[in-house]
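Structure assessment
Read off the chains here:
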Amino acid sequence: MIKKAEYTRRRRKLMNFMGNNSIAILPSNSEVTRSRDTEFRFRQHSDFHFLSGFPEPESVIVLLPGREQGEYILFCREKDEVMETWHGRRFGQEGAIKQFGCSDAFPIEDIDDILPGLMEGRERIYYEFGNHSEFDNNIMGWINILRMQVKTGAHPPGELIDLSHVLHDMRLFKSPAEIKIMRQVAELSAQAHMVAMKECQPGKNELEIEAEIKYQFAKRGARHEAYNSIVAGGNNACILHYVENDQPLLNGDLLLIDAGAELEGYAADITRTFPINGQFSAEQLQAYNWVLKANKEAIKEVKPGKPWTAPHDAAVKVLTKGLVEMGILEGNVEQLVDEEAYKPFYMHKTGHWLGLDVHDVGDYLIEKEPRTLQVGMVLTVEPGLYFAPNTAGLAKKWWGIGIRIEDDVLVIKKGREVLSKSAIKEAAAIEKLMSSSV
Ligand code: GLY
Ligand code: MN
Ligand code: MN
């Protein structure tokens, strides 16, 4: 659990960076209609969550460093007996102050009346433009109100600064409490993957396995998936973001599952690939073991001081060697790597930052150079090989083999901790687990 004091520390750090004479304004996510009168399940904006832990829509965080009457103001919905009877509980202003530590809270309906006054006299506005077009217009509207009052002595802010840059850099480095949650969510997701392996059988549908995964997440305390699970049998595994998950599982095919739970907002992102009937064919095993080797070599590259691209470079080298040894590519491995000859079979990068967003925030380049890995960063390592059917020049025996092995890795002082390590990945261990299923 992230404690109230940690949210306070985060806001303090941000405000120290901003300096007095500035204001930060951050709106929550809005509810999104799914169909008439029904909404998609609400998910708070990750930045908003990071700074407040406040779970409601129609809310706005305002930070005012150095303000004597209080530095943290929250606008949120008022308590309303009728609305709460129909739509669920609200914290209201009193709850916001008591439980979320704001200095003051106001009804969201009053924001037009109050916010220009809070902006007045502050030089800089920190705000994330482009996330929320309606709110962007509100910001300009409030500035314009102050501009019209210049003659009567108002002092409108002169500078608009992107809030996301500093905030996202903070989010990139995980605190001990965040790491604890990420360890937990990776572990429970790993357990769900192993249940899916056991439950898998020819004749079942991808949808049943998806449901099993969701059930296992929920049973272990994670209400949500961090992203739509990919449950891709056979050829479907060659579609990278396949989410239809509605086809029968065929004897002799592989099943690729890319699924991770979300816990207290933090994501796991794990992929395992295994034979639907529990036994790898010779070709499947050959390709699988190259991807596994790439996964392991890439993970070894995760350590402080390495460029974040080092795992990708290691993976590409192993995969290209594998493609040559399998007779799929011909030539000198180094030259083939330089020419990116692997690209028809490995077209994505080997990882990304992981955190409150599955593709988490934080710069990948610093002054055009790949960022260096540092303690507290979490990233995925996810090499794969995809042999789509009807690929020109590719022998038919490889068609329909799609493999990815994805782990979640924390950078620690000594190197790395693989958060998803409980999800087995040795081919023999998978076959053994699957043969023990009922
Ligand atoms: N599940 C999305 C990804 O692996 O990046
Ligand atoms: Mn994934
Ligand atoms: Mn991923």
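Please read these numbers as outputs of a predicted model, since none were measured by experiment.

**Concerning the pattern of salt bridges**
Going through the model one piece at a time under the given rule, you end up with 25 salt bridges. In this structure, K79 engages E84 in a salt bridge whose closest nitrogen and oxygen atoms are separated by 3.1 Å. Judged by its relative accessible area of 18%, E84 falls in the buried class. With its nearest N and O atoms 3.2 Å apart, the salt bridge here joins K214 to E210. Of this pair, K214 and E210 both sit in helix α9 (residues 206-219), four residues apart, roughly one helical turn. Under the relative-accessibility criterion, K214 is labelled partly exposed at 39%. Looking at E210, the relative accessible area reads 12%, which means it is buried. By sharing partners, the salt bridges in this structure join D47, R171, K174, D357 and D360 into a single network.

**Let's talk about the layout of surface pockets**
Its volume calculated, the second largest pocket comes out at about 570 Å³. If you trace the second largest pocket, you find 19 residues lining it, with F40, R41, H224, E225 and N228 closest to the centre. If you list the elements that add at least two residues to the lining of the second largest pocket, you get α9 and β9 (224-225). The leading source of residues in the lining of the second largest pocket is α9, at three residues. Of the residues that constitute the lining of the second largest pocket, the class distribution is nine nonpolar, two polar and eight charged.

**Structural notes on the coordination of the manganese ion (ligand 2)**
On the protein side, the manganese ion (ligand 2) has D258 (OD), D258 (OD), D269 (OD) and E406 (OE) as donor atoms, found 2.0 to 2.3 Å from it. Seen from the manganese ion (ligand 2), its six donor atoms lie at angles of 58 to 170 degrees, and the figure they make is irregular. The sequence pattern formed by the donor residues of the manganese ion (ligand 2) is D-x10-D-x136-E. A relative accessible area of 6% places D258 in the buried class.

**Some thoughts on empty space enclosed by the protein**
Within the structure shown, the criterion is met by one cavity of 30 Å³ or more. The computed volume of the largest cavity comes to approximately 50 Å³. Around the largest cavity, the lining residues are W308, T309, P311, H312, K349, T350, G351, L379 and T380. Those elements that place two or more of their residues in the lining of the largest cavity are α11 (310-325) and β17 (378-381). Among the residues forming the lining of the largest cavity, the class breakdown is three nonpolar, five polar and one charged.

**Topic: the sheet that holds strand β13 (residues 266-267)**
Backbone-to-backbone hydrogen bonds pair the strands of a sheet. The strands run either parallel or antiparallel. Strand order in this open sheet of three strands is β9-β12-β13, and the pairing throughout is antiparallel. The open sheet is flanked by β9 and β13, the only strands paired with a single partner. Both strand β12 (residues 261-263) and β13 contribute to a ladder of two bridges, which runs antiparallel. Paired with L263 across the two strands is Y266, which belongs to β13. Lying on the sheet, helix α8 (residues 176-199) is in contact with β12 and β13; it crosses β12 at an angle near 150 degrees.

**Some details on the packing of helix α1 (residues 4-18) against helix α7 (residues 164-172)**
Taken N-terminus to C-terminus, the directions of α1 and α7 make an angle of 140 degrees; their axes are 11 Å apart at the nearest point. Considering the angle they form, α1 stands oblique to α7. For the crossing formed where α1 meets α7, the hand is right-handed. When α1 is examined against α7, the residues R10, K13, L14 and F17 are found in contact with a partner set consisting of V166, L167 and M170. Broken down by class, the residue content of the contact of α1 with α7 amounts to five nonpolar, no polar and two charged.

**Here we look at the site of ligand 1**
Around ligand 1, the surrounding shell consists of Y227, D258, D269, H352, H359, E382 and E406. Interatomic distance of 2.7 Å between a side-chain N/O atom of H359 and an oxygen atom of ligand 1. E406 is positioned with one of its side-chain polar atoms (N or O) 3.2 Å from an oxygen atom of ligand 1. Grouping the constituent residues of the shell around ligand 1 by class yields one nonpolar, two polar and four charged.

**Details of the coordination of the manganese ion (ligand 3)**
Surrounding the manganese ion (ligand 3) are the protein donor atoms D269 (OD), H352 (NE2), E382 (OE) and E406 (OE), at 2.0 to 2.2 Å. Coordination at the manganese ion (ligand 3) is irregular: its six donor atoms span angles of 51 to 155 degrees at the metal. A spacing of 3.3 Å is found between the manganese ion (ligand 3) and the manganese ion (ligand 2), which share D269 as a donor. With H352 in the loop between α12 (333-338) and β15 (365-366) and E406 in the loop between β19 (401-404) and β20 (407-412), the pair connects residues that are 54 residues apart, well separated along the chain.

**Here we look at the packing of aromatic side chains**
All told, the structure shown has 14 aromatic pairs when counted by the stated rule. With centroids separated by 6.5 Å and ring planes inclined at 45 degrees, the aromatic side chains of Y342 and Y346 adopt a geometry described as tilted. Linked through ring pairs, Y127, F129, F135 and W142 together constitute an aromatic cluster.

**Brief notes about the nonpolar core**
Membership of the largest hydrophobic core comes to 114 residues, with the highest contact counts inside it found for L14, L74, L255, I257, L323, M326 and F387. The element best represented in this core is α8, accounting for 11 residues. Apart from residues lying up to four places away in sequence, L14 is in contact with L51, L63, L163, V166, L167 and M170.

Cut-off values and rules
- Residues numbered from 1 in each chain as written.
- Chains lettered and ligands numbered in written order.
- Predicted model: local features only at pLDDT ≥ 70, side-chain atom pairs only at ≥ 80, totals over all residues.
- Heavy atoms only, no water.
- Salt bridge = Lys/Arg side-chain N within 4 Å of Asp/Glu carboxyl O.
- Buried < 20%, exposed > 50% of the residue type's maximum accessible area, 1.4 Å probe, protein only.
- Helix = DSSP H or I, 4+ residues; strand = E, 2+ residues; numbered from the N terminus.
- 1 Å grid on protein atoms, 1.4 Å probe; cavity = no way out; pocket = protein on both sides within 12 Å on 5 of 7 lines; lining within 4 Å.
- Points joined across faces, edges and corners; volume = space filled by probe spheres on them.
- Nonpolar A, V, L, I, M, F, W, Y, C, P; charged D, E, K, R; others polar.
- Donors = N, O, S within 2.8 Å, 3.2 Å for Na, K, Ca; no water.
- Tetrahedral: all angles 85-135°; square planar, octahedral: opposite > 155°, others 65-115°.
- Pairing = 2+ DSSP bridges.
- Contact = heavy atoms within 4.5 Å.
- Axes fitted to C-alpha atoms, helices over the stretch in contact; angles between N-to-C directions.
- Parallel < 35°, antiparallel > 145°, perpendicular 65-115°, else oblique.
- Left-handed = near helix turned anticlockwise from the far one by under 90°.
- Near = heavy atom within 4 Å.
- Polar contact = N/O pair within 3.5 Å; in protein donor to acceptor, adjacent residues only side chain to side chain.
- Phe/Tyr/Trp six-rings, centres within 6.5 Å; stacked < 30°, edge-to-face > 60°.
- Core = buried A, V, L, I, M, F, W, Y, C linked by side-chain atoms within 4.5 Å.

In short, geometric facts, not functional conclusions.
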